[in-house]
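Letter by letter, the chains look like this.
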Amino acid sequence: MALKIVKGSIDRMFDKNLQDLVRGIRNHKEDEAKYISTCIDEIKQELKQDNIAVKANAVCKLTYLQMLGYDVSWAAFNIVEVMSSSKFTYKVSCSQLQLQSVDAVLITTIINSVSLPLVTQDLSSPNQYDTGVALTGLSCFVTPDLARDLASDIMTLMSHTKPYIRKKAVLIMYKVFLKYPESLRPAFPRLKEKLEDPDPGVQSAAVNVICELARRNPKNYLSLAPLFFKLMTSSTNNWVLIKIIKLFGALTPLEPRLGKKLIEPLTNLIHRALDLLYGMVSKKNLMEIVKKLMLHVDKAEGTTYRDELLTKIIDICSQSNYQYITNFEWYISILVELTRLEGTRHGHLIASQMLDVAIRVKAIRVFAVAQMATLLDNGHLLTGNMQRNGICEVLYAAAWICGEFSEHLEDPMQTLEAMLRPKVATLPGHIQAVYVQNAAKLFATVLRKQEGTTDSLAAQETSQLLIDRLPLFVQSANLEVQERASCILQLVKYIQKLQQKEVEVAEEVTALFAGELNPVAPKAQKKVPVPDGLDLDAWINEPPSESESEDEKPKAIFTKEEPKHTRPRHTEVDEKELARRREARKQEQANNPFYIKTSPSSQKVYQDQPGVEHIPVVQIDLSVPLKVPGMPMSDQYLKLEEERRQKERSERKKKEKKKKREKHGRGRRADSGPESEEDITPAHHVDIVTEEMPEVCWVLLQSGYFIPQVMSAQFLFQKSTKHKKKKQKKEKEEKEKKKKKKHHHHHHHHHHHLHSADESVQNGTVEEEEEPLPVRTWPSLLTHVYDVQGNLQDGSQVVVSVIFENKTDHFLKSMEFNVLDSLNSKLQRPEGSSPHDGLAVPFQLPPGVSNEARFVFSVQSIVMPQKLKGTLTFIVKTEDASTHEKLDFKLHFTCTSYLITTPCYSDAYAKLLESGELKSSSLKLEGVIMPFHHLLARICFHHHFSVVERIDSCASMYSRSIQGHHVCLLVKTVSTRPPYISSLLL
Amino acid sequence: MMRFMLLFSRQGKLRLQKWYTATAERDKKKMVRELMQVVLARKPKMCSFLEWRDLKIVYKRYASLYFCCAVEEQDNELITLEVIHRFVELLDKYFGSVCELDIIFNFEKAYFILDEFLMGGEIQDTSKKSVLKAIEQADLLQEVCDVHLGLL
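Small disclaimer: the values here were computed from a predicted structure and weren't measured.

Each value, and the rule that gives it
Residues numbered from 1 in each chain as written. Chains lettered and ligands numbered in written order. Predicted model: local features only at pLDDT ≥ 70, side-chain atom pairs only at ≥ 80, totals over all residues. Heavy atoms only, no water. Helix = DSSP H or I, 4+ residues; strand = E, 2+ residues; numbered from the N terminus. Buried < 20%, exposed > 50% of the residue type's maximum accessible area, 1.4 Å probe, protein only. Contact = heavy atoms within 4.5 Å. Areas by Shrake-Rupley, 256 points an atom, 1.4 Å probe, with all protein chains shown as cover. Core = buried A, V, L, I, M, F, W, Y, C linked by side-chain atoms within 4.5 Å. Pairing = 2+ DSSP bridges. Axes fitted to C-alpha atoms, helices over the stretch in contact; angles between N-to-C directions. Salt bridge = Lys/Arg side-chain N within 4 Å of Asp/Glu carboxyl O. Expected span 1.5 Å × (residues − 1). Arc of directions from axis to C-beta. Buried area = accessible area lost by both parts, 1.4 Å probe. Patch = residues over 30% accessible without salt bridge, like charges linked within 9 Å, V, L, I, M, F, W, Y side chains within 5 Å. Lys, Arg positive; Asp, Glu negative; His and termini not counted. Charge placed at Lys NZ, Arg CZ, Asp CG, Glu CD. Phe/Tyr/Trp six-rings, centres within 6.5 Å; stacked < 30°, edge-to-face > 60°. Lys NZ or Arg CZ within 6 Å of the ring centre and 35° of its normal. Parallel < 35°, antiparallel > 145°, perpendicular 65-115°, else oblique. Nonpolar A, V, L, I, M, F, W, Y, C, P; charged D, E, K, R; others polar. pLDDT = per-residue confidence, 0-100. Left-handed = near helix turned anticlockwise from the far one by under 90°.

A.B. asks: Would you take a moment to explain the overall build of chain B for this structure?
C.D. replies: In terms of regular secondary structure, chain B is built from 5 helices and 7 strands. Burial analysis of chain B (152 residues in total) assigns 56% to the buried set. Across chain B, the fraction of contacts at a sequence separation of at least 24, relative to all contacts at a separation of at least 6, is 49%. As displayed, chain B has an accessible area near 6,900 Å², and 53% of this comes from carbon and sulfur atoms.

In structure tokens:
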């Protein structure tokens, strides 16, 4: 009998461990409840035993059963008992169980009374994992009593040597705070310390806890803002960043100044998110994503951010050859909607997209033409923004598309009329040029229609319309416009003559514009098979002997005899060779001082627009929402697309079903899974050339595109004054030299009473003009401008610091500084004073003393150097008398004075260079003898550039104007010749 | 703060539950049942977030197993989704391409991993490496214990 009991207990002891239980439950699927009840009985038996190992095993099983939803609270006492064991594994399961059973009041009290000593004992265990388990367990059943009793112990653990314990202690402290808020005050300093813990785990735990606390009561945590800000800018842990940003969300309403500080880091984050979008799009979600972005565009407050969104939208849509666009009507509508953006600087981009799509997607032309016609009709709405690359650029595309594909126009006459409105003359020249040319195309189309209906009178009237309107363009200041207009005007006059003789001319006029532009892939030429018998590798002429000089190469013969080969790049030259040649050519161009175009965009400089800014512009209030009739809302396409896909899907399903029926259900699973990318068929049959951008399009884009007029690259044009400095002047334009030689010149000119500033020329100079009166008794009052500095906060302000030095032996007082304002630059005077009042210099100058005064100027355009004339009046006090004197001077604001040193990473820089939006020019300086690094340092210091990259004697530099223009500068030394500076400006 | 985390199978079997706030057993059962119904009824393409009672539910399905977290209203859903994923990554790393059975038979290990990763409803350590190191250490300790047990 006794043996039996022993045997039974041993059996039971080794009978079922947790694994067996789990397996058993799985094997008794039908009568699970019954099986478990026997198991529970067994467990009860096991718990009655003395052997702690058996008890532990039982508790393990209980844990599992409890998870399955069985009530195990009856075993609470045993569980706590097992927990007191020092064996690690039991505690793991116990702490599981504890938390699950924490609800029952009874158990809580048991835990409180029993586990407290256990837990405290564990907390001081030498083994960090024991302590860890105790903490984990505690985290689940902290009660106010426990919290109160353990707070100081846990606080000590927060400074434990092991980060493992520290982080757990930090986290559990949060629970303690919740249950026992009084502990927060003493523990807080230590918690704050943990924010800067060397261990990232502890740090993130502390961030978590403080963020949670701060969310409940943000006001008390404002003082931590700088610390969090530091963490935010330095931490690379995204988990922590998210928490911190959340926290700032709670703090900013309390401290408005925080918002300003946060803008920069947050914009960086947003940009990162936008970049992610690029990779996220698919055919299916493109419309949805763009819709969301469009919403943001509407809501966006800053123009820069809006522009950023705009470029992203276009980037996303146009990536990999419009791969993800299934409905081009939608895309055109998006582009049209984007034109309603106020103040965007990406008109050019939108225009190029419109052109590209209209040319390459044949099916879309009817739609596109209709849209463009509406745009033209409402053209006056877009002309409010005439700044370079403004939204009026889209009119360029609109006019071209309407002209080129005029056969699709519903009412070409109306469009023709729209294109010849007098308002058009206010558009930038290159756009007018396109208008004129395409008006002629439209004219041809109109004639055809009208002659078709044998309404010769109407045709004559159309001609008359052109004859009436074109003279406006003939008078244009723009050569291109003028040329085209006068040419077409004569042509129309001739046509009218013919019409009066009742000759049908439409056919012939149409012939002027016959032929369709087809997109051609850049590599298309390679695909043309070489005709039989033509050996491209064979020499046409024997190669010239080595001794022959370069210029004697028979270029003329080559072109004459084989005109087909005038474009050697179509011959079989491999890529490497091409690249090498390109490199060589670039090198050659770079070394050629007369070659000023070094950027890829240089080819685009086709029409130079000297007068864009000067064309009088009527500002139109664009605040009225532009709900132009007939312009579609892109949103509707989303719906349509959905419906279309739905339809397709159901059709496919039907087919699928049919197939299924035919194949006895062996078709693929019809609609259970998500739709795959390939399943979405484009709505339009799209003629997309799968390689790169078609060459023809390129040519088109390049031919008429307007490259914004930008700051000229001249750095400093220091025009000398009435002194005979002519000789110097030339040299002065070469800035470096100027700097070097400056000293000498000034020494030579010492006989003049007044002379211009020496070292400080860099940023603009005040030069004293010599008085017309030959002899002046108040000589060397030397005035320097040390700095003309842009105001970061305000893109339209510069601060001029002037140092006055009294070189006379007399006392100078009552100085008044006055500048004759120009249209562009105005001296900021106190409110209420007239624009002719001078500003009092707030100090007097005893002999030999110098002092600095600052003056603020408001500047409108920063893309041109400025010269302002001014006068300084002052009173000179001598022993016996005082006289009123006056000095004239000139203030030079050079372009670089508006620059602000901005660092730039080389990849961003490369992107900028590639963007093709930079205009370039170059300048060669001679006689610079200073070391290259010295030169760079000077450019950096005086002209606010920062070096992006330096390789040997080449350096790329970057700066930004106060209005956000990018300025890229490439400096290089040409062998022994002086540095060659080319600058690219945006 | 995370309120609780549930792991359940497509058949509606609870595989793991962890509650970070004290909840009565009866309520727990009710919530689990209700939530399982809601989540299991959702289509694969539906959003991973839903509002439920006063909580936000973030769930994700991995093979046959649903990982479901309940967080408070001010919490970030996306980071919760990341938490779930990180937990799965941890399980995967520990078990070596984890499957449901691993969790069924080694549920105490799964709990332990979760405890090392989350504590009191907050992320304890974002570093996979340090979590796994802690688990490794604990395993070593347990092996020693098991040897002792064997001697008993």
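A.B. asks: What exactly am I supposed to notice about the overall build of chain A here?
C.D. replies: The helix and strand tally for chain A stands at 36 helices and 15 strands. Buried residues in chain A amount to 49% of all 986 residues. Partitioning the intrachain contacts of chain A with sequence separation of at least 6 by distance along the chain shows that 70% fall at a separation of at least 24. For chain A, the accessible area works out to roughly 49,200 Å², and carbon and sulfur atoms hold 54% of it.

A.B. asks: Would you explain the side chain of glutamine 353 of chain A in this entry?
C.D. replies: The topology assignment puts glutamine 353 of chain A in helix 19 (residues 347-360). Non-local contacts of glutamine 353 of chain A, meaning those with residues more than four positions away in its chain, are made with Ile314, Ser318, Tyr322, Tyr331 and Leu335 of chain A.

A.B. asks: Please explain the nonpolar core as it appears in this structure.
C.D. replies: Most often, soluble globular proteins keep nonpolar side chains buried together rather than apart. In this structure, Tyr64, Leu191, Phe228 and Phe248 of chain A together with Phe67 and Phe87 of chain B are the most contacted members of the largest nonpolar core, which totals 109 residues. Sorting elements by how many residues they give to this core places helix 10 (residues 163-179) of chain A first, with 10 residues. Contacts of tyrosine 64 of chain A, omitting those with residues within four sequence positions, involve Leu18, Leu21, Val22 and Ile25 of chain A together with Ile104 and Phe107 of chain B. Counting 91 residues, the second-largest nonpolar core is a separate cluster that includes Ala373, Val394, Ile431 and Ala440 of chain A.

A.B. asks: What exactly am I supposed to notice about the sheet that holds strand 2 (residues 14-19) of chain B here?
C.D. replies: Think of a sheet as strands paired side by side through backbone hydrogen bonds, with each pair either parallel or antiparallel. Residue and element names in this part refer to chain B. Taken in spatial order, the 5 strands line up as 2-1-5-4-3 in an open sheet, and their pairing is antiparallel. Both edges of this open sheet fall to strand 2 and strand 3 (49-52), since each of them pairs with a single strand only. Recorded for the sheet is a direction-independent mean angle of 20° between the axes of neighbouring strands. Sheet strands touched by helix 2 (residues 77-95): strand 1 (2-9), strand 3, strand 4 (55-62) and strand 5 (65-71). Its angle to strand 4, the strand with the most contacts, is close to 35°.

A.B. asks: Even after reading the chapter, I still don't get the pattern of salt bridges, so can you show me in this structure?
C.D. replies: A side chain of one charge can pair with a side chain of the opposite charge if their charged atoms are brought near each other. All names here are of chain B. Considering all chains together, one arrives at 23 salt bridges over all chains under this definition. Where glutamate 89 meets lysine 128, a salt bridge forms, and the shortest distance between an N and an O atom there is 3.3 Å. Of this pair, glutamate 89 sits in helix 2 while lysine 128 sits in helix 5 (residues 128-151); the two residues are 39 residues apart in sequence, bridging distant segments of the chain. According to the relative accessible area criterion, glutamate 89 is partly exposed, its value standing at 25%.

A.B. asks: Looking at this structure, I do not really get helix 1 (residues 25-40) of chain B. What am I missing?
C.D. replies: For an α-helix, the turn length of 3.6 residues means that residues three or four places apart are oriented alike. Residues and elements named next belong to chain B. Helix length check: helix 1, at 16 residues, gives a terminal C-alpha distance of 22 Å against a target of 22 Å (1.5 Å per residue), a fit within 8%. Of the residues making up helix 1, those classed as buried are Glu25, Lys28, Met31, Val32, Leu35, Met36 and Val39. With its buried residues spanning 130° around the axis, helix 1 presents them on a single face. Counted as exposed and oriented over 90 degrees from the buried face of helix 1: Arg26, Arg33 and Gln37.

A.B. asks: Looking at this structure, how should I read the interface of chain B and chain A?
C.D. replies: Accessible area lost when the parts come together is the quantity often used to give the size of an interface. At the junction of the two partners, chain B supplies 52 residues and chain A supplies 51 residues. Between chain B and chain A lies a buried interface of about 4,800 Å² when both sides are counted; carbon and sulfur atoms form 60% of it. Of all residues in chain B, Phe105, Phe107 and Met119 of chain B bury the most surface against chain A, accounting for 14% of the area lost on that side. Counting every contact that joins chain B to chain A gives 4 salt bridges. Here lysine 243 of chain A makes a salt bridge to glutamate 122 of chain B, at a shortest N to O gap of 3.7 Å.

A.B. asks: What is the right way to read the pairing of strand 12 (residues 946-951) of chain A from this model?
C.D. replies: Looking down a regular strand, the side chains alternate between one sheet face and the other. Residues and elements named next belong to chain A. Relative to strand 13 (residues 954-961), strand 12 runs antiparallel, the two sharing 5 bridges. Looking at the pairing, glutamate 949 lines up with serine 956 of strand 13. Counting the residues that bridge the hairpin from strand 12 to strand 13 gives 2 residues, and of these aspartate 952 lies at a positive phi of roughly 50°.

A.B. asks: Would you mind showing me how to read a positive patch on the surface here?
C.D. replies: Residue and element names in this part refer to chain B. Where like charges cluster on the molecular surface, the positive patch consists of Arg26, Lys29, Lys30 and Arg33. Summarising the element assignment, lysine 30 is placed in helix 1. Take lysine 30: its relative accessible area is 48%, and that puts it in the partly exposed class.

A.B. asks: Explain the environment of lysine 219 of chain A here, please?
C.D. replies: Residues and elements named next belong to chain A. Its location among the elements puts lysine 219 in the loop between helix 12 (200-216) and helix 13 (225-234). Its relative accessible area of 57% is what places lysine 219 among the exposed residues. It is 7.0 Å that separates the C-alpha atoms of lysine 219 and leucine 254, two residues lying 35 residues apart in sequence.

A.B. asks: It is not clear to me how the packing of aromatic side chains should be interpreted in this structure. Could you clarify?
C.D. replies: The geometry of an aromatic ring pair is captured by two quantities: the separation of the ring centres and the angle between the planes. Tallied over the full model, the rule gives 14 aromatic pairs over all chains. Considering the side-chain rings of phenylalanine 107 of chain B and tyrosine 111 of chain B, the 5.7 Å spacing of their centres and the 75° angle between planes classify their relative orientation as edge-to-face. With phenylalanine 107 of chain B and tyrosine 111 of chain B both in helix 4 (residues 107-117) and 4 residues apart, this pair spans about one turn of that helix. Clustering of aromatic rings is evident, with ring pairs tying together Tyr322, Phe328, Trp330 and Tyr331 of chain A. Over the aromatic face of tyrosine 62 of chain B sits the side chain of lysine 60 of chain B, whose NZ or CZ is 5.6 Å from the ring centroid.

A.B. asks: Is there a simple way to explain the packing of helix 10 of chain A against helix 12 of chain A in this structure?
C.D. replies: Each packed pair of helices is defined by two parameters, the angle between the axes and the distance between the axes. Residue and element names in this part refer to chain A. At a closest axis distance of 8 Å, the pairing of helix 10 and helix 12 adopts a crossing angle of 10°. Here helix 10 lies roughly parallel to helix 12, going by the angle between them. The segment helix 10 lies against helix 12, with Pro163, Arg166, Lys167, Val170, Leu171, Tyr174, Phe177 and Leu178 engaging Gly201, Val202, Ala205, Ala206, Val209, Glu212, Leu213 and Arg216. Classifying every residue of the contact of helix 10 with helix 12 by side-chain character gives 11 nonpolar, 1 polar and 4 charged.

A.B. asks: What am I meant to see in the confidence of the model for chain B here?
C.D. replies: Should pLDDT be low for a region, the predicted coordinates there are not to be read in detail. Across chain B, pLDDT averages 85, with 94% of residues at or above 70. Predicted complex metrics record ipTM = 0.82 and pTM = 0.47.

A.B. asks: Explain the packing of helix 18 (residues 328-338) of chain A against helix 19 of chain A here, please?
C.D. replies: Residue and element names in this part refer to chain A. Where helix 18 meets helix 19, the closest approach of the two axes is 10 Å, and the angle between their N-to-C directions is 155°. Judged by the angle between their axes, helix 18 and helix 19 are roughly antiparallel. In the packing of helix 18 onto helix 19, the handedness of the crossing is left-handed. Here Phe328, Tyr331, Ile332, Leu335, Val336 and Leu338 of helix 18 come into contact with helix 19, specifically with Ile350, Gln353, Met354 and Val357. Looking at the contact of helix 18 with helix 19 residue by residue, the classes come out as 9 nonpolar, 1 polar and no charged.

A.B. asks: So what exactly am I meant to see when it comes to helix 3 (residues 32-48) of chain A here?
C.D. replies: Residue and element names in this part refer to chain A. Compared with an ideal rise of 1.5 Å per residue, which puts 17 residues at 24 Å, helix 3 spans 24 Å between its outermost C-alpha atoms and is within 8% of the ideal. Turning to helix 3, its buried residues are Tyr35, Ile36, Cys39, Ile40, Glu42, Ile43, Glu46 and Leu47. The arc that holds the buried residues of helix 3, viewed along the axis, is 165°, so those residues lie on one side. Away from its buried face by more than 90 degrees, helix 3 exposes Ala33, Lys34 and Lys48.

A.B. asks: Looking at this structure, I do not really get the environment of isoleucine 332 of chain A. What am I missing?
C.D. replies: All names here are of chain A. By secondary structure assignment, the location of isoleucine 332 is in helix 18. For the pair formed by isoleucine 332 and isoleucine 364, sequence separation is 32 residues and the distance between their alpha carbons is 8.7 Å. Not counting chain neighbours up to four residues away, the residues in contact with isoleucine 332 comprise Val357, Ile364, Phe367, Ala368, Gln371 and Met372.

A.B. asks: Where do I start with unusual backbone geometry in this structure?
C.D. replies: Most peptide bonds are trans, and most residues other than glycine sit at a negative phi. Residues and elements named next belong to chain B. In this structure, alanine 63 takes a positive phi of about 50° despite not being glycine. With respect to the secondary-structure elements, alanine 63 resides in the loop between strand 4 and strand 5. Phi at serine 97 takes a positive value of approximately 40°, unusual for a residue other than glycine. Assignment of secondary structure puts serine 97 in the loop between helix 2 and helix 3 (100-105).

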